[in-house]
Amino acid sequence: MTEQFNAVMVEQVGDRAEAQLRRLQLSDLPDGEVLVRVSHSSVNYKDALLLAGNRNKVARSLPIVPGIDLAGSVVSSTSDRWSPGDQVMANGWGLGERHWGGLSEYQRIPASWLQPIPEAFTARQAMAIGTAGYTAALCVLDLETRGGLERGDRVLVTGATGGVGSVSVALLAAAGYRVVASTGSHESHAYLKQLGAEEVLDRSELAEEGRPLQKESWQGAVDTVGGVTLANVLARTAYGRAVTACGLAGGIQLPGTVLPHIIRGVALLGVDSVMAPMPLRQAAWERLARDLDPRIVDAVSRTEPLERAVEVGQELLSGTVTGRIVISVSEEEH
């Protein structure tokens, strides 16, 4: 086994946090029952913030390795759940926030955080889906089980070109729903239609404060934006239906009223993927394996080496990224 390996480490440098590629040893890794040789990870919004040095919004302490997703093979395990050679993945659980994450060629984590990589996907594809795609699946499942969606219903997805939005569009379209994709990117219309969107709505239509109750326009929605956008989405949701909320790109405030809820019976369903219990995770990944075409996963993602993780984070924060960026972590995977 290697004595040293590469990892992206965020450390305190003077009065600021700074991300750099470091050489580590296995003895540097945190506690955990399972040692994983990480083949792939990804860069999510939280990772990008941490890579840019915004540790106060993400990490509980420094130094830390970012990466809220990881996939790879088990090297050793003190738990009877996992054996050397098992192909595994982990999403959320505080990886890259409270516990060192996936941007490291080796990582040691608790056995209970791991899941087998679905047979439908490679390790790379599992990370192209990652926490973003698994969150999308949770949102879709919630709309169906608690929001009463029926085949042919019109469903809105905000922030549709992002990681959660892209997978939400694809999953909803595959299930027979009529998808309205909201985006501010005029160049992404063909991309969204490729994913299965029936209609593309300019995000400006939802970005300005509107009336407390507006015309009923859809029977459900996946909102990744929050803020004024979410208030307008709720105001336009049909009677007795639901909106799932999982993002805050447009702010943490909800400047709306109770009218959609008490007059139309619209439900606002919050979706958390970080600490979701394993049965929900398994159901989400089963849905992804069933309905998400691996060819779409490949088409909406690209791969970058570990050495470019910091630059990838900057690109993500700039708002110019469409789809998902996978990080090829282990040297032999480049």
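Placed above this text is the structure.
Description of the structure in this document. Just so it is clear, the model here is predicted, and its values are computed rather than measured.

**Some words on the pattern of salt bridges**
- On inspection of all chains with the given rule, the structure shows 18 salt bridges.
- With its nearest N and O atoms 3.3 Å apart, the salt bridge here joins Arg308 to Glu311.
- Glu311 sits in the partly exposed class, given a relative accessible area of 41%.
- A cluster of three or more residues bridged by salt bridges with shared partners is formed by Arg302, Glu304, Arg308, Glu311 and Glu315.

**Details of the environment of Pro277**
- With respect to the helices and strands, the residue Pro277 is situated in the loop between strand S13 (267-270) and helix H8 (278-291).
- Separated by 49 residues in sequence, Pro277 and Val326 place their C-alpha atoms 25 Å apart.

**Observations concerning empty space enclosed by the protein**
- Scanning the entire structure with this criterion turns up one cavity of 30 Å³ or more.
- If you add up the space inside the largest cavity, you get close to 60 Å³.
- In terms of lining, the largest cavity is formed by Ala128, Ile129, Ser166, Val167, Ala170, Leu195, Leu292, Ile296, Val297, Val300 and Arg324.
- Of the residues assigned to the lining of the largest cavity, the class counts are nine nonpolar, one polar and one charged.

**Some points on the side chain of Glu18**
- Tracing the backbone through its elements, the reader meets Glu18 in strand S2 (residues 16-24).
- Residue classification places Glu18 among the buried residues on the basis of a relative accessible area of 18%.
- Within the local environment of Glu18, its side chain forms a polar contact with the side chain of Arg16, the two groups lying 2.8 Å apart.
- A polar contact is formed between the side chain of Glu18 and the side chain of Gln20, at a distance of 2.5 Å.
- Beyond its immediate sequence surroundings of up to four residues, Glu18 is in contact with Met9, Val10, Glu11 and Val13.

**Focus: the nonpolar core**
- Ranked by size, the top nonpolar core spans 48 residues in total, and within it Val169, Leu172, Leu192, Leu288 and Leu292 carry the most contacts.
- For this core, the secondary-structure elements that each account for two or more residues are helix H2 (123-145), strand S8 (154-157), helix H3 (163-174), strand S9 (178-183), helix H4 (189-195) and H8.
- It is H2 that provides the largest number of residues to this core, a total of 13 residues.
- Setting aside its immediate chain neighbours within four residues, Leu192 contacts Ala160, Thr161, Val169, Ala181, Thr183, Ala197 and Val200.

**Here we look at a nonpolar patch on the surface**
- Taken together, the side chains of Val258, Ile262 and Ile263 make up a nonpolar region of the molecular surface, amounting to roughly 300 Å² of accessible area.
- Tracing the backbone through its elements, the reader meets Ile263 in helix H7 (residues 259-263).
- Owing to a relative accessible area of 47%, Ile263 belongs among the partly exposed residues under this scheme.

**Things to note about the layout of surface pockets**
- Roughly 1600 Å³ of volume is contained in the largest pocket.
- As for the largest pocket, its lining consists of 48 residues, of which Tyr45, Gly162, Thr224, Leu248 and Ala249 are closest to the centre.
- Every element with two or more residues in the lining of the largest pocket is listed here: helix H1 (45-51), H2, H3, S9, helix H5 (204-207), helix H10 (309-317) and strand S15 (324-328).
- Its residues assigned to classes, the lining of the largest pocket shows 20 nonpolar, 23 polar and five charged.

**Thoughts on the packing of aromatic side chains**
- Enumeration over the complete set of coordinates arrives at three aromatic pairs.
- Relative to Trp113, the ring of Trp93 lies with its centre 6.2 Å away and its plane at 5 degrees, an arrangement referred to as stacked. Taken as a pair, Trp93 in the loop between strand S5 (87-91) and strand S6 (106-109) and Trp113 in the loop between S6 and strand S7 (115-116) lie far apart in primary sequence, 20 residues in all. Considered together, Trp93 and Trp113 belong to a single accessibility category, that of buried residues.
- Positioned above the aromatic ring of Trp93, the side-chain terminus of Arg281 is 3.8 Å from the ring centre.

**Some remarks on the packing of H2 against H3**
- Where H2 contacts H3, the axes come no closer than 8 Å and their chain directions differ by 50 degrees. In terms of axis orientation, H2 runs oblique to H3. The hand of the H2/H3 crossing is right-handed. In this structure, H2 contributes Ala132, Gly133, Thr135, Ala136, Ala137 and Val140 to the contact, and H3 contributes Gly163, Val164, Val167, Ser168, Leu171 and Leu172.
- In the contact of H2 with H3, the residues fall into eight nonpolar, four polar and no charged.

Criteria and cut-off values
Residues numbered from 1 in each chain as written. Predicted model: local features only at pLDDT ≥ 70, side-chain atom pairs only at ≥ 80, totals over all residues. Heavy atoms only, no water. Salt bridge = Lys/Arg side-chain N within 4 Å of Asp/Glu carboxyl O. Buried < 20%, exposed > 50% of the residue type's maximum accessible area, 1.4 Å probe, protein only. Helix = DSSP H or I, 4+ residues; strand = E, 2+ residues; numbered from the N terminus. 1 Å grid on protein atoms, 1.4 Å probe; cavity = no way out; pocket = protein on both sides within 12 Å on 5 of 7 lines; lining within 4 Å. Points joined across faces, edges and corners; volume = space filled by probe spheres on them. Nonpolar A, V, L, I, M, F, W, Y, C, P; charged D, E, K, R; others polar. Polar contact = N/O pair within 3.5 Å; in protein donor to acceptor, adjacent residues only side chain to side chain. Contact = heavy atoms within 4.5 Å. Core = buried A, V, L, I, M, F, W, Y, C linked by side-chain atoms within 4.5 Å. Patch = residues over 30% accessible without salt bridge, like charges linked within 9 Å, V, L, I, M, F, W, Y side chains within 5 Å. Areas by Shrake-Rupley, 256 points an atom, 1.4 Å probe, with all protein chains shown as cover. Phe/Tyr/Trp six-rings, centres within 6.5 Å; stacked < 30°, edge-to-face > 60°. Lys NZ or Arg CZ within 6 Å of the ring centre and 35° of its normal. Axes fitted to C-alpha atoms, helices over the stretch in contact; angles between N-to-C directions. Parallel < 35°, antiparallel > 145°, perpendicular 65-115°, else oblique. Left-handed = near helix turned anticlockwise from the far one by under 90°.

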